[in-house]
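A structural walkthrough
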Amino acid sequence: MMSLFWHTCGAGERDLVLLHGWGLNAEVWNCVTARLSPHFRLHLVDLPGYGRSQGVTALTLDHMVTLLEPRLPENAIIVGWSLGGLVATRLARSASVTVRGLITVASSPCFSAQQGWPGIKPSVLQGFQQQLSSHFEKTIDRFMALQTLGTDTARHDARLLRQAVLSQPLPEVTVLNAGLGILQSADLRRELSSVNLPFLRIYGALDGLVPRDIAGQVDTLAGGGLSVVMPKAGHAPFISHPAEFCEQVLAFSSEL
């Protein structure tokens, strides 16, 4: 039976749910929790199958949403990074409770590159899937390095990501493969127009996984909301630029 890790802390009155990306766990938010906790009641979640949310082998995007939805507080702002952005977007649309706002971070409604749509080459994601079973830790390290590539603090940021990974139980290979499968196949572009709530999208200008070029296209598909591109950030802007990231979150929430 799966046990979902959901830790609540902070002194604020507004609820902020934080969903991490592929291969990680809620510890990845350590760089910003001290700045955000005076303003929010933070909900730090290990996605099903990751970190302390053990007891599950492989999940679809909809299955993840189904497991998270019963724990979602009323009027929460949902923040989703990378893979977590897909989960957050689907969760915000389908939740039975009122969602106050949605923030996606270095995320895309369609991670896989397609004609007229920039993204990750399908061969890259397939390569990670093939390598996982034989070179588990090496594959994780390579993916962490891709997330910080190009930033001034790349080595430091990659080290923090690796620390977050190793601080909690590692996901099963089947879970990681299922997550890569979601990144490879999920396409929420048509769903964006039905996200009828305040919607902030934060990108890193140096992101090698989610090209900043999609920002304008997502703006058109969503029909509203705000896109912010952080000039010197990569795929993990809350790690490389925690103060600037928190400023964006606080400014967004102050308007709700």
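Residues numbered from 1 in each chain as written. Predicted model: local features only at pLDDT ≥ 70, side-chain atom pairs only at ≥ 80, totals over all residues. Heavy atoms only, no water.

**Remarks on the UniProt feature "binding site: substrate" (unreviewed entry) in the protein chain**
This is how the line gets drawn: UniProt positions are given in the numbering used here, feature names are shortened, and annotations may be inferred rather than shown by experiment. In this text, helices come from DSSP runs of H or I with a minimum length of four residues, and strands from runs of E with a minimum of two, each type numbered from the N-terminal end. Nitrogen and oxygen atoms within 3.5 Å of one another constitute a polar contact, given that in protein one can donate a hydrogen and the other can accept it, and given that sequence-neighbouring residues count only through two side-chain atoms.
Here the UniProt-annotated "binding site: substrate" (unreviewed entry) positions come out as W22, S82, L83, F143, M144, A145, L146, Q147 and H235. Looking at the element boundaries, S82 is found in the loop between β4 (76-81) and α3 (83-94). With respect to the element layout, H235 can be found in the loop between β7 (226-230) and α9 (237-240). Only 2.8 Å separates the side chain of H235 from the side chain of S82, close enough to count as a polar contact.

**Description of the pairing of strand β2 (residues 14-19)**
How we decide: Each residue gets one of three labels from its accessible area relative to the maximum for its type: buried under 20%, exposed over 50%, partly exposed in between, using a 1.4 Å probe on protein chains only. For two strands to count as paired, DSSP must find a minimum of two bridges between them. Seen with the strands pointing away from the viewer, any crossover whose path from the first strand over the helix to the second strand runs clockwise is right-handed.
Burial within β2 is extensive, with five of its six residues counted as buried. When β2 meets strand β3 (residues 40-45), the two strands line up parallel, connected through six bridges. Its bridge partner lying in β3, D15 is registered against R41. The parallel pair β2 and β3 is bridged by helix α1 (residues 30-36), and the resulting crossover is right-handed. Bridging between β2 and β4 involves four bridges; their strand directions are parallel. Bridge pairing links L19 to G80 in β4.

**Section: helix α8 (residues 214-222)**
An α-helical turn contains 3.6 residues, so any two residues separated by three or four positions project in the same direction. Threshold: Think of the arc as the fan of directions from the helix axis to the C-beta atoms. By definition, residues are in contact when any of their heavy atoms lie within 4.5 Å.
Of the residues making up α8, those classed as buried are I214, A215, V218 and A222. All buried residues of α8 project into a common sector of 100° when viewed along the axis, lining one side. Against the buried residues of α8 lie β6 (199-204) and β7. The positive-phi residue at the C-terminal boundary of α8 is G223, with phi of around 70°.

**Observations concerning the environment of M144**
Tracing the sequence through the fold places M144 in helix α5 (residues 136-148). According to the relative accessible area criterion, M144 is buried, its value standing at 2%. In this structure the C-alpha to C-alpha distance between M144 and H235, which are 91 residues apart in sequence, comes to 9.6 Å. Not counting the four nearest positions on each side in its chain, M144 is found in contact with W22, L24, A158, L161 and V165.

**Things to note about the pairing of β4**
With six of six residues buried, β4 lies mostly within the body of the structure. Of the two faces of β4, the one carrying A76, I78 and G80 and the one carrying I77, V79 and W81 are both buried. Summarising the sheet, β4 and strand β5 (residues 99-105) pair through six bridges and their orientation is parallel. The residue of β5 that forms the bridge with V79 is I103.

**Focus on the sheet that holds β5**
Where we set the bar: Axis angles are defined between N-to-C directions and span 0 to 180 degrees, where every axis is a line fitted to C-alpha atoms and, for a helix, only to the segment in contact.
In spatial order, the strands read β1-β3-β2-β4-β5-β6-β7; together these seven strands make up an open sheet with mixed pairing. Of all the strands in the sheet, the pair left with one neighbour each is β1 (6-9) and β7. The sheet shows a mean angle of 20° between the axes of neighbouring strands, direction not considered. Lying on the sheet, α8 is in contact with β6 and β7; it crosses β6 at an angle near 170°.

**Considerations on the pattern of salt bridges**
The line we're drawing: Salt bridges are defined as contacts in which a side-chain nitrogen from Lys or Arg sits within 4 Å of a carboxyl oxygen from Asp or Glu.
For the coordinates displayed, the defined rule picks out eight salt bridges. The residue E27 makes a salt bridge to R52 at a minimum N-O spacing of 3.0 Å. Here E27 is found in the loop between β2 and α1, whereas its partner R52 is found in the loop between β3 and α2 (61-68), with 25 residues between them in sequence. Looking at R52, the relative accessible area reads 23%, which means it is partly exposed. Across the salt bridge formed by R90 and E191, the nearest N and O atoms sit 2.7 Å from each other. Of this pair, R90 sits in helix α3 while E191 sits in the loop between α7 (173-185) and β6, and the two are 101 residues apart along the sequence. With relative accessibility at 14%, the residue R90 sits in the buried group.

**So, the side chain of T33**
You can see T33 is positioned in helix α1. Taking the relative accessible area as the measure of exposure, T33 reaches 16% and is therefore buried. Polar side-chain contacts of T33 include one of 3.4 Å to the backbone oxygen of N30. With near-sequence residues (within four places) excluded, T33 lies in contact with L42 and L44.

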